[in-house]
Amino acid sequence: MTAPSTHQGPVTVRVFTSVRRFSATPLGARLARHHAIEQMRAWGVGSSSASRSDAVGTVAAIVGELAANAVTHGRVPGRDFEVRLSLVTGSVRVEVTDTRAESLPPAPGAVTAPPPLDESGRGLFLVGALADRWEVLEREPGKTVRAEVDLPGRLPLVGRAARNG
């Protein structure tokens, strides 16, 4: 006995993307964070539930930490850093790219909590705690740190095939 075949129509995946460059300064990092909040609001994320509002704060915190790292550790004089925000099926993807290639940050599994009295070293630790997934990508020139935050009430694209398979 075979199961009846069911026809599934095409899947529509919409991706909305915003890309901006910021000066590699503390002001640039602050503006990147504000841009993330405004972009999330423009996409309607955070407008319908408290848990989605939490997603806006989470994405803003991730952008703030990654932008601060780009300014502090990835700064190349005369070059900006880039923030790419994408609203993909079920999540928001944050990518922060700088042009300094010689110092890659640790991979997700290699980040450890800093000692309690240290004044720095918490950026990627916080990103790891806040993001549902994150990774470091090499590029020429520089590097990109990518993080994703799943949106409550929306099935993330990652894992969807496994659930439907």
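**Q** Just checking my understanding: could you explain the overall build of the protein for this structure?
**A** For the protein, the helix and strand inventory stands at 4 helices and 5 strands. Beginning at the N terminus, the succession of helices and strands in the protein can be written as β-α-α-β-β-α-β-β-α. When the 165 residues of the protein are sorted by exposure, 38% land in the buried category. A separation of at least 24 residues holds for 65% of the contacts in the protein among residues at least 6 apart in sequence. In the structure as shown, the protein presents an accessible area of about 9800 Å², 52% of it carried by carbon and sulfur atoms.

**Q** What should I look at first to understand the environment of Phe 125 in this one?
**A** Residue placement: Phe 125 occurs in helix α3 (residues 123–130). You can call Phe 125 partly exposed: its relative accessible area is 36%. Remark: the alpha-carbon pair of Phe 125 and Ala 113, spanning 12 residues in sequence, is separated by 6.2 Å. The residues touching Phe 125, leaving out its near neighbours within four places in the chain, are Val 111, Thr 112, Ala 113 and Pro 114.

**Q** What am I meant to see in the nonpolar core here?
**A** Considering soluble globular proteins, one finds that nonpolar side chains tend to be buried as a cluster. Of all hydrophobic cores here, the largest spans 34 residues; its most connected members are Val 59 and Phe 81. When contributions to this core are tallied by element, the ones reaching two or more residues are α1 (26–42), α2 (50–73), β2 (81–88), β3 (91–98), α3 and β5 (143–150). When residues in this core are grouped by element, the largest group, 10 residues, is from α2.

**Q** How should the sheet that holds strand β4 (residues 133–138) be read in this particular structure?
**A** Strands belonging to one sheet form pairs held by backbone hydrogen bonds; the direction of such a pair is parallel or antiparallel. Strands sit in the order β1-β2-β3-β5-β4 across an open sheet of 5 strands; the sheet is antiparallel. Every other strand in the sheet has two partners, leaving β1 (16–22) and β4 as the edge strands with one partner each. Ignoring strand direction, the axes of neighbouring strands in this sheet form an average angle of 15°. With 7 bridges connecting them, β2 and β3 associate as antiparallel partners.

**Q** Any chance you could explain the pairing of β3 here in plain terms?
**A** Each regular strand carries side chains that alternate between the two faces of the sheet. Most of β3 is tucked away: 7 of the 8 residues are buried. Adjacent in sequence and paired antiparallel, β2 and β3 are bridged by 2 residues, among which Gly 90 carries a positive phi angle near 85°. Pairing analysis gives 8 bridges linking β3 to β5, with the strands arranged antiparallel. Residue Arg 93 lies in a different strand from β5, and its bridge partner there is Glu 148.

**Q** Just to check I follow, could you spell out α1 for this structure?
**A** Side chains three or four residues apart in an α-helix point the same way, a direct result of the helix having 3.6 residues per turn. Here α1 spans 24 Å end to end across 17 residues, near enough to the 24 Å set by a 1.5 Å rise per residue. Within α1, the full set of buried residues consists of Gly 28, Ala 29, Ala 32, His 35, Ala 36, Ile 37, Gln 39 and Met 40.

About the thresholds
- Residues numbered from 1 in each chain as written.
- Predicted model: local features only at pLDDT ≥ 70, side-chain atom pairs only at ≥ 80, totals over all residues.
- Heavy atoms only, no water.
- Helix = DSSP H or I, 4+ residues; strand = E, 2+ residues; numbered from the N terminus.
- Buried < 20%, exposed > 50% of the residue type's maximum accessible area, 1.4 Å probe, protein only.
- Contact = heavy atoms within 4.5 Å.
- Areas by Shrake-Rupley, 256 points an atom, 1.4 Å probe, with all protein chains shown as cover.
- Core = buried A, V, L, I, M, F, W, Y, C linked by side-chain atoms within 4.5 Å.
- Pairing = 2+ DSSP bridges.
- Axes fitted to C-alpha atoms, helices over the stretch in contact; angles between N-to-C directions.
- Expected span 1.5 Å × (residues − 1).

Honestly, that's just the spatial picture; any functional story needs more than this.
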